[in-house]
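What follows is each chain in one-letter form.
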Amino acid sequence: MTPEDANNSPLWSFIPLDRYAKPPELTREIVRRGFWGLWDRLRLHDKVPSNRFGQLELHPIAKDLLQQAVGEPDWREAEPALDEECKDWLKSGGQFEPLHAVVGAPYSGTCFTVRYWGADKNWRVIEPPAAGQLLTGARDWLNAIDPADESPWVIPCLEKCYLRHHKGLEPVKELLEKLSSRRRATLVACNSWAWAYLHKAVQIDLVLPAPLAPAPFDRNRLKRWFQSLTRFADEAPRAFRLPNRELVMAPAVQADESGQEKEADFLAKLAAYSRGIPGVAWSIWRHSLRFTPGPKNDDGGGDSGEQEQTIWVTPWENLNLPGIPEENRGQLALILHTLLLHNGVSNRLLPELLPGLAAVLGQDLHKLRAAGLVELEHGEWRVTALGYPAVREFLEEGGYLVDAI
Amino acid sequence: MNDYSSLTKVLRDINQINFVRIFIIIIGAWVVMRMVERAVPWLAERLGGRFRLYILPSIPVMRLLIINVALILLVPTIIEPTLQNLAAIFAALAIALGFAVKDFGSSLVAGIVAIYERPYRPGDWVKIDRAYGEVKTVGLRAMRLVTPDDDTVTIPHLKFWDTNIYNANDGRRDLMCVTDFYLHPHHDGALVRRKLRDVALTSPYLNHERPIVVVLKEEVWGTHYKVRAYPIDCREQFQFISDIAVRGKAALLEMGVELGWRPLGAGAMVPAGDSKESLPRPERGAYSDL
């Protein structure tokens, strides 16, 4: 694909899950991470974050400026891509293949996209039951789902319709049975970790074959997306640069101009590290941004023009991203794996899913929170976007069941 | 007198023997061996996961290499390394080993054979006679394993010649665990099998790449179920079995299935869950002890 093709291709698109390939990692980055990873494991190297780079002293960016530099993602933007992918299916009214599935990694926004998509089309949105209901065996939720219902359905969060508990598999088995007997269009969205588990536990792919997945965000896509999220109040174009003045991302208005400055490979590294998951890349991007205190926040360079101001980007090697604590790694792995399989678990449910760790859950969760790997949001513990790549790598190395994304 | 003169012919003149060099070689080899024995397990623990089982078995091989190098350096220091001299020395050593320290020599030879045949490696879970545990070290003369109750058992390699060695993981990271359930015979067997499968399937320790099998056998006292599954790491086998046992018991009680009793000897009855044999399978697939 030429750079022009890459720029003209849609930002959001969906591809078959089995064709998902994370953006490639640069060879020197593989070597660097391998070497420092081993060094860290042997505890021969303590990473001390520094905010000084030569003459520059970089500081965390103010909240309002950060919001302007990288606005909140709007997952509705992916709706047209889903429309495009489901065009033929929608035309036939799901007559021949009534069931379609979309599998998204954590922080890919898939659940939101599918929910908005269904709501915009006035499809019936099947909400998941309260988590506790899955354990009590209350059947109100399942009884309300009638496969003979003539309206098309959207199930936006299948991962919330099961629990990795001996009582938590029956509801999803029954739901899949109901779905398989349906003859009307139904779109199911599922978290990639839950999908991997349900594939092993209940052979979900027999009922929902050939699922789609959001296409990975490579360097080019990330750049275009981040440029579209930039909304400075003074509307002045700002470049994003490394402390050595290398350009990471030009302002969107300059993006199409010829004779551009050569860009650093920061976004390529970010795309590979975040496995092409937009929400993960978005969090790391925000985390990497810095500013220099002082009356002027410009780089002083004459080439970029006086109007251009600069947002500084922490060099990739100096990013202080969360790592796995050294103690009790086996226990921590069990907790992190459980959180990912359910895309977040409440305080009350966690001991039910990990009865063997009930006595130490509290302290382990606080240890993980202190390491920046988990957060408590809306009453549920979940793996943070910043910590997700490290957690996934840790679980994969540990031999745990991991997702396909 | 004649023997003495032939020995002195084999050995170098005492004035020619460099005792400092011998001392340095022996101490050096000993220090390097100790370093390997400490550094490799430390490195294996730091790297963890699958790397542990790749690295640990290298210890005996490295030790053998160090000994060989030390011998190669030592022999010419003590004797004139001609063919006749070497033959004489090794013949004398063989006779000495054969008569004086036969078992010790046999253990040494078995230790060398064990390095190549690999019936056990550091990190393996093995059962030899009545001892079951994780192999911690494979020494020159003996191996050491640590039982789940933290007892260290030293077993000479000599056992290798005439004892069956049960290796549960054989260099792999996982091993099959068997969880037993002893139930009252009045229940729906198909439902119980399905439920026990779900219990195993929802264990956080489960290795999903390996199969889960639930088998049962009707006995005179009730029904004996075995859940066979693999944990992700062999070190988690006891947590895995306990997890399946605790959650399985709860699930069965909720289903209204009565947990059974099994006979132990003539007339004595014990609750099934209290049996030590429900811990990992030393006796794979053996029903005869029930």
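Criteria and cut-off values
Residues numbered from 1 in each chain as written. Chains lettered and ligands numbered in written order. Predicted model: local features only at pLDDT ≥ 70, side-chain atom pairs only at ≥ 80, totals over all residues. Heavy atoms only, no water. pLDDT = per-residue confidence, 0-100. Contact = heavy atoms within 4.5 Å. Helix = DSSP H or I, 4+ residues; strand = E, 2+ residues; numbered from the N terminus. Buried < 20%, exposed > 50% of the residue type's maximum accessible area, 1.4 Å probe, protein only. Polar contact = N/O pair within 3.5 Å; in protein donor to acceptor, adjacent residues only side chain to side chain. Axes fitted to C-alpha atoms, helices over the stretch in contact; angles between N-to-C directions. Parallel < 35°, antiparallel > 145°, perpendicular 65-115°, else oblique. Nonpolar A, V, L, I, M, F, W, Y, C, P; charged D, E, K, R; others polar. Pairing = 2+ DSSP bridges.

Considering the confidence of the model for chain A
Argument step 1. Confidence in the prediction for chain A averages 87 pLDDT; 89% of positions are at 70 or higher.
Argument step 2. Every residue in residues 295-307 of chain A is under pLDDT 50, and counting partners more than four places away or in other chains gives 16 contacts.

So, the side chain of Asp124(B)
Residues and elements named next belong to chain B.
Argument step 1. Locating Asp 124 in the fold gives a position in the loop between helix 6 (102-117) and strand 1 (125-128).
Argument step 2. On the basis of relative accessibility, which here comes to 0%, the residue Asp 124 falls in the buried class.
Argument step 3. A distance of 2.8 Å separates polar atoms of two side chains, one belonging to Asp 124 and the other to Asn 167.

Some remarks on the packing of helix 2 (residues 19-47) of chain B against helix 4 (residues 58-78) of chain B
The description of two helices packed together rests on the angle between their axes and the distance between the axes.
Residues and elements named next belong to chain B.
Argument step 1. Here helix 2 crosses helix 4 at 175°, and the two axes come no closer than 10 Å. On the basis of their axis angle, the class for helix 2 and helix 4 is roughly antiparallel. Where helix 2 approaches helix 4, its residues Arg 21, Ile 22, Ile 25, Ile 26, Ala 29, Val 32, Met 33, Val 36, Glu 37, Val 40 and Pro 41 are matched on the opposing element by Ser 58, Ile 59, Met 62, Arg 63, Ile 66, Ile 67, Ala 70, Leu 73, Leu 74, Thr 77 and Ile 78.
Argument step 2. Along the lines of polarity and charge, the residues of the contact of helix 2 with helix 4 split into 17 nonpolar, two polar and three charged.

Regarding the sheet that holds strand 7 (residues 213-219) of chain B
One key point about sheets: their strands pair by backbone hydrogen bonds, in either a parallel or an antiparallel sense.
All names here are of chain B.
Argument step 1. Strand order in the open sheet formed by three strands is 6-8-7, and the pairing between neighbours is antiparallel. Each having just a single partner strand, strand 6 (177-183) and strand 7 make up the two edges of the open sheet. Neighbour to neighbour, the strand axes of the sheet diverge by 20° on average, direction disregarded.
Argument step 2. Both strand 7 and strand 8 (residues 222-229) contribute to a ladder of seven bridges, which runs antiparallel. Bridge pairing links Glu 218 to Thr 223 in strand 8.
Argument step 3. Packed on one face of the sheet, helix 8 (residues 189-201) meets strand 6, strand 7 and strand 8 and runs near 30° to strand 8.
Argument step 4. Where helix 9 (residues 237-254) meets the sheet, it contacts strand 6 and strand 8, and its direction lies at approximately 25° from that of strand 6.

Some words on unusual backbone geometry
All names here are of chain A.
Argument step 1. In this structure, Arg 245 takes a positive phi of about 75° despite not being glycine.
Argument step 2. The residue Arg 245 is located in the loop between strand 10 (238-241) and strand 11 (247-249) in this model.
Argument step 3. Looking at Arg 245, the relative accessible area reads 37%, which means it is partly exposed.
Argument step 4. Within the chain, Arg 275 stands out as a residue other than glycine whose phi angle is a positive 60°.
Argument step 5. For Arg 275, the position within the fold is in the loop between helix 13 (266-273) and helix 14 (278-288).

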